[in-house]
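# Observations on chain architecture
Okay, here's what each chain looks like letter by letter:
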Amino acid sequence: MRLTSYTDFGLRALLYLATLPEGELSSVGKVSALYDVSRNHMVKVINQLVKLGYLGSQRGKNGGIWLAVKPAEVNVGAVIRELEGNLDGIDCGSPVCHIVSVCLLKGALKEAMNAFLGVMDNYTLEDLLANRSELQQVFGQLIPTLTVEEEPEE
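Treat the numbers as computed from the prediction; the structure is a model and nothing was measured.

### Re the environment of Gly53
- Positionally, Gly53 belongs in the loop between α3 (39–51) and β1 (55–58).
- Sequence separation of Gly53 and Val69 is 16 residues, and the distance between their C-alpha atoms is 7.7 Å.
- Once residues lying within four places of it in the same chain are set aside, the contact partners of Gly53 are Ala68 and Val69.

Now the structure itself:
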């Protein structure tokens, strides 16, 4: 089982934003630079996390993005379900599979996916921040210094 980069970067963005001091804003540019991912891709991820209510955003000169809920209220399994496009594990229709009527693989993969999600349901974002000070140290070393002109807000 492999998560899409969309879900991966969504979880990473949540982790980073959860390490910021309360009231501190970040930006899509900083998050995309931190994880070396295209800004366009990160904009899509961040916009979805805002729509889902995990993040807040404000446009403009003093704008930015922030974690809109407490880390203890963010269930990792739920985030994966909301961000991941296909949790079936296999696509039996493309190309057309001739054994679909008698195949047991899809059921086995569905069971495995449910087990994976069941484990992830046991974790909150807060659980993943048990080493918050180490995360903050690493993030602090990686974030490049950006000026306001270089960093327009979405």
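Still to come is the rest of the account.
### Digging into helix α4 (residues 76–83)
- Among all positions in α4, only Val76, Gly77, Val79, Ile80 and Leu83 are buried. Angular distribution of buried residues about the axis of α4 spans 160°; they occupy a single face of the element.
- In this structure, the buried residues of α4 make contact with α1 (5–19), α3 and α5 (105–120).

### Let's talk about the confidence of the model for the protein chain
- Within the protein chain, residue pLDDT values average 89, and 92% of them lie at 70 or more.
- pLDDT under 50 marks residues 146–154. Its contacts with residues more than four places away, or in other chains, come to 21 contacts.

### Examining the environment of Gly63
- When you line up the elements, Gly63 lands in the loop between β1 and β2 (64–67).
- For Gly63, a relative accessible area of 15% translates into the label buried.
- On a C-alpha basis, the gap between Gly63 and Glu24 in space is 11 Å, while along the polypeptide they are 39 residues apart.

Cut-offs applied
- Residues numbered from 1 in each chain as written.
- Predicted model: local features only at pLDDT ≥ 70, side-chain atom pairs only at ≥ 80, totals over all residues.
- Heavy atoms only, no water.
- Helix = DSSP H or I, 4+ residues; strand = E, 2+ residues; numbered from the N terminus.
- Contact = heavy atoms within 4.5 Å.
- Buried < 20%, exposed > 50% of the residue type's maximum accessible area, 1.4 Å probe, protein only.
- Arc of directions from axis to C-beta.
- pLDDT = per-residue confidence, 0-100.

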